[in-house]
Amino acid sequence: MDQDSERARFVDAHWAKLVQRVQMVMPIADELQSSGMLEWEPYCKIRAADTNQEKMRELYEVLHSGGDEVKSAFYSSLEKHEPSLFRDLGSTGHHTHSEKTHSSEISPVIHKYMKRICSEYQYVTEYNSLPGEHVLLSERFTQPLILRKHRDRKEREEEICSSGERLQQVLSSRSSGDSVHLSSLFDPDDHGNSPSSVILQGNSGNGKSFTVQKIMMDWASGDFYKGRFDIVFHLKCKEINRIPGEKSLVEILSCSCSLSSHEISQILQQSPEKVLVVIDGFDELKLTQDINDMSAHTDLLQKAPPVDTLCALLRGRILPESFLLVSSRSTATDTLSNLLKGPQRFSEIVGFSEKGVEEYFQKFFQNEELFREAYTYVKANETLITACSIPVVCWIICTTIQERFKYGAGATSGLETTTSIYVDFVCTLLEHHCQGLSQSVPTLLRSLGQLAERGMQEQQVLLDEKSVNETISDPAGNPFLCKFLFKRRIYQETMFSFMHLSFQEFFTALYYVLLDEEESLGKLTRFFDDIFTKPAVVQFAFGLLNKDVRFTLKKHGLFIRPKTQADLKEWILKKIKSQNQGCSLFSETVLVLHCLYELHEEDFVKEAMGSWKKIDPRGKLLRKRNIEYGKLLRRTDCCALLYCSQCCQSIEEISNLYLSSEDLSMILPELHKFKEARLTIRGPSDSDLGELIYALARGQTLSSQCVRVSIYRSLVLSINKEPSSFCIEIGRHPHPDLLSFSLTFPHSETINIDWTRLFQIIIHQRDSDALLSFLYSFSNLKKMVMSVRCLTEMWSVWTLKLTQNCPSLTELTVNAGFLLEDGIRILQSSNTRPSCAMTFNGFVCNAQSICSQKAKILLNYQGFSIKSL
Ligand SMILES: Nc1ncnc2c1ncn2[C@@H]1O[C@H](COP(=O)(O)OP(=O)(O)OP(=O)(O)O)[C@@H](O)[C@H]1O
């Protein structure tokens, strides 16, 4: 029997006892989840169960369906978390890696080392952790997307410029959907050859250190590299820089772990081919001299400056048989590669895939509802979801949203602006990912801005080495830049870029708002009015004016002059003015909304919205050319519109707004603020329409309101307030004969009406009798105007019944195309209640079906009269 089956039999045989006695169910479940053995849904069920026994029962379902492999993983976790229970039950006899190493001479030492690593590396201290606070690595770590491929110039450009869904497609095309798993970094290639050293490249904040911590943890837990590496050491370059004097490799290793020099030297000498040294942050290593001039000693115990000793290890002079995993930012990869022993393998942490982002959010919130709310909000914002591929951005976003939840607010209330997240990202890298900057923060950021602007003007995202060297004093030490080597004919070419186009846009905006007096206004407005301007730059510029954002920038010595703020605000008011004149594009209207949203300054937004006479995303220009017709607002645009509406008491008019049903529900609470609204809703349900009317009815603030809603272009709903008048125009499709009708009644009546039912009848049932019975239920219907194709006998009877059964009805007008003989005959022999009058307009048709005479029929309590017109 193999090991997995034997362990599975053990779990089955002892299940009853395990259910009773296992206390550490959650740590075990966490571990199974992070190793991919336990899906998120059953994991949540286990977490939600009240007692350990119930949790174990939930877990049983998973073990049962997962088979021997999952049971075997459970066995390993059990061994780790419940050692005494495990001993009581007696193990399978198959020994784990840590047990196996017990038997050799050095094993107790390594065993102790592994335990120490497990207890130390299982936790992470976050940037905002208070003293003594930490979270479990397993509650955060998410497998990033790791590619082994160098991409060419075109491919890189594509990655930098794409966002949202497109970026995901581009990345999966690079990896054919497969990411390299951490456990297979050293796996043999197609020719059966394994590398001696692996380069793990990644941008700042992409998770190199985090990944190294995970590798250490998994090795020490016996999950990775079982039997392949007896020992794994972890060296951090920034710590090596700080080690004083001269040190041998053994001494350097002992500085960074719990083993003594003696123990290390014994281990290294015994089986050097089973040693892996993980070296984190090569870019941070302070190389004081040319790598070729360093003394390349070969002795484990020979002392030299620590950096020289490390370089000797990297070159394979010391411990040539050992394996190396070295992480570095792209800015230092070429130097590393020149130094590193072969055969080398290149791998790159690209960041999180969309699935990775989702998984990260799930782990972070540990609550399905909060996770859904946060993830849905971020996913709707293309810029944010794209930035989330950088793991540290995920952390920033989740942390800020979680704080909102803590204070009882939803993810969308008082939202974070996109700019504020970008500013937090820049500050995080400056505070935690920069070692000894060679220049001041303002100088660094200004020079980045200048470089970014230059790229924007030349429409370049790949920036040549010369321009970079002209603007940036130490590109290699700059955490915001990436460096690429491309093949060009028989040469190599070096190019730089920002992490993503959106960062280039952000730095351009930062550069503009920081410009001094003379340059500022002209450059800003010239750039903003340029038709090729990227809207993102303009939005970021407004986001940078936000009070809290300015406060953060000020802490880093960056000041935005009041004049710049005033100029930008004036610019947006001018934009609104031109929108009022009806010459706007869809994209311009949306840009204004986003600028106001990013600014997030309630008083100004109120002022701006107050001056906006007509928000019309389909402007005059386009009506002619019919471009962008029917363009839907994206969810993120709706968020901006929602925020802008929240800031005001009332707004004049919104027109040509194309919404999905979900977007409608989002802006419904604010819709009553629009005095006039013309919306087209795609695919609303009957209850959506019901909700729409209730929401409008709730708005008591306005004296008059008109909302026109087109649904599938066949149902138009207009609503006026006090006395409330609801006009429903029905297109050809939903009803064969009834074209429209409008109902007038006191506003207070609106909430008593079952609107959902009314829409069901009109849209789906299309039954005139059902409509009639429904109208009877209106206790306060005052007026009704309806349009029919022909006044038939049926419609005459129908209208008479309505006047008889609705005692409050005083006026009924029927506009018919044609007044047929049969219909008129019924009216001639009828009359109405004393306080009710009926009017029928249309062309009278005679027995020969000639309909040439236009007439008006009046019917009241005195009887019938007809007047030719
Ligand atoms: N795989 C991951 N899973 C979950 N969170 C991650 C992951 N990778 C990174 N993070 C988050 O991003 C932060 C930054 O990651 P890390 O410090 O590892 O970046 P780095 O690549 O080493 O950056 P630098 O090059 O600047 O040193 C982490 O503190 C963590 O919050």
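Residues numbered from 1 in each chain as written. Predicted model: local features only at pLDDT ≥ 70, side-chain atom pairs only at ≥ 80, totals over all residues.

A. Spatial organisation of the overall build of the chain. A tally of helices and strands in the chain yields 38 helices and 22 strands. For the chain, long-range pairs separated by at least 24 residues make up 71% of all intrachain contacts whose partners lie at least 6 apart in sequence. (Helix = DSSP H or I, 4+ residues; strand = E, 2+ residues; numbered from the N terminus. Contact = placed C-beta atoms within 7 Å.)

B. Examining the confidence of the model for the chain more closely. Per-residue confidence for the chain averages 85 on the pLDDT scale, and 88% of its residues sit at or above 70. Across residues 620-630 the pLDDT falls below 50, and counting only partners more than four positions away or on other chains, this stretch makes 14 contacts in the model. Confidence drops under a pLDDT of 50 for residues 700-704, and excluding neighbours within four residues, the segment shows ten contacts in the predicted structure. As scored by the predictor, the complex reaches a pTM of 0.79 and an ipTM of 0.99. (pLDDT = per-residue confidence, 0-100.)

C. Examining the site of the ligand more closely. Around the ligand, the structure places 21 residues, and the nearest of them are Ser204, Gly207, Ser209, Pro391 and His433. Put simply, the parts of the chain that give the shell around the ligand at least two residues each are helix H11 (208-220) and helix H20 (391-406). For the shell around the ligand, the element with the highest residue contribution is H11, accounting for four residues. The residue makeup of the shell around the ligand, split by class, is eight nonpolar, ten polar and three charged. (Near = placed C-beta within 6 Å. Nonpolar A, V, L, I, M, F, W, Y, C, P; charged D, E, K, R; others polar.)

D. Molecular detail of the domain arrangement of the chain. For the chain, the assigned domains read domain 1 (3-94), domain 2 (179-351) and domain 3 (730-868). Computed over C-alpha atoms, the centres of domain 1 and domain 2 are 35 Å apart. (Domains from an automatic or database assignment.)

E. View of the packing of helix H35 (residues 755-765) against helix H36 (residues 768-776). Their axes nearest at 10 Å, the elements H35 and H36 cross at an angle of 165°. As the angle between them shows, H35 and H36 are arranged roughly antiparallel. Like other packed secondary-structure pairs, H35 and H36 cross with a definite hand, here left-handed. For the pair H35 and H36, contact is made by Arg757, Leu758, Ile761 and Gln765 and by Ala770, Leu771 and Phe774, respectively. Classifying every residue of the contact of H35 with H36 gives five nonpolar, one polar and one charged. (Axes fitted to C-alpha atoms, helices over the stretch in contact; angles between N-to-C directions. Parallel < 35°, antiparallel > 145°, perpendicular 65-115°, else oblique. Left-handed = near helix turned anticlockwise from the far one by under 90°.)

F. View of the environment of serine 835. Relative to the elements of secondary structure, serine 835 occurs in the loop between helix H38 (821-828) and strand S20 (837-844). Residues serine 835 and arginine 526, spaced 309 residues apart in sequence, show a C-alpha to C-alpha distance of 67 Å.

G. Quick look at the pairing of strand S4 (residues 197-202). The buried count for S4 comes to six of six residues, which makes it a mostly enclosed element. Where S4 meets strand S7 (residues 323-328), five bridges bridge the pair, whose relative direction is parallel. Bridging from a neighbouring strand, serine 197 pairs with leucine 324 of S7. (Buried ≥ 20, exposed ≤ 12 C-beta atoms within 10 Å, placed from the backbone. Pairing = 2+ DSSP bridges.)

H. Inspection of the environment of phenylalanine 229 at higher detail. Note on placement: phenylalanine 229 falls in the loop between H11 and strand S5 (231-236). Judged by the 19 C-beta atoms lying within 10 Å of it, phenylalanine 229 is partly exposed. Phenylalanine 229 sits 173 residues away from methionine 56 along the chain, and the two C-alpha atoms are 34 Å apart. Among residues more than four places away in sequence, those in contact with phenylalanine 229 are Trp219, Lys274, Val275, Leu276 and Phe323.

I. Structural context of the sheet that holds strand S3 (residues 145-147). What the six strands build is an open sheet, ordered S3-S8-S4-S7-S6-S5; its pairing is mixed. The open sheet has two free edges, formed respectively by S3 and S5, since each of these has just one partner strand. Between one strand axis and the next, the sheet turns by 20° as a mean value, whatever way the strands run. Alignment of strand S6 (residues 275-280) against S7, held across four bridges, turns out to be parallel. Its bridge partner being in S7, isoleucine 279 is matched across the sheet by valine 326.

J. Here's a closer look at the packing of helix H32 (residues 635-646) against helix H33 (residues 661-671). The interhelical angle for the contact between H32 and H33, taken along N-to-C directions, is 5°, at an axis separation of 9 Å. Relative to H33, the element H32 lies roughly parallel. Together, Arg635, Cys638, Leu641, Leu642, Ser645 and Gln646 of H32 and Asp663, Met666, Ile667 and Glu670 of H33 make up the contact between the two elements. Counted by class, the contact of H32 with H33 contains five nonpolar, two polar and three charged residues.

K. Spatial organisation of helix H8 (residues 107-121). Helix length check: H8, at 15 residues, gives a terminal C-alpha distance of 20 Å against a target of 21 Å (1.5 Å per residue), a fit within 8%. For H8, the set of buried residues is Ile110, Tyr113, Met114, Ile117 and Tyr121. Along the long axis of H8, the arc covered by the buried residues comes to 100°, so they all point the same way. Residues of H8 that are exposed and angled more than 90 degrees away from the buried face: Pro108 and Ser119. (Expected span 1.5 Å × (residues − 1). Arc of directions from axis to C-beta.)

L. Here's a closer look at unusual backbone geometry. Omega for the peptide link from glycine 342 to proline 343 comes to -10°, which places this bond in the cis form. Locating proline 343 in the fold gives a position in the loop between helix H16 (333-339) and strand S8 (344-351). Non-glycine residue glutamine 459 carries a positive phi angle of around 55°. With 8 C-beta atoms packed within 10 Å, glutamine 459 lands in the exposed category.

M. Quick look at the sheet that holds strand S11 (residues 491-498). In space, the three strands of this open sheet follow the order S9-S11-S10, with antiparallel pairing throughout. Each edge of the open sheet is held by one strand with a lone partner, namely strand S9 (463-464) and strand S10 (481-488). Where S10 lies against S11, eight bridges are found, and the strand directions are antiparallel. Paired with phenylalanine 484 across the bridge in S11 is methionine 495.

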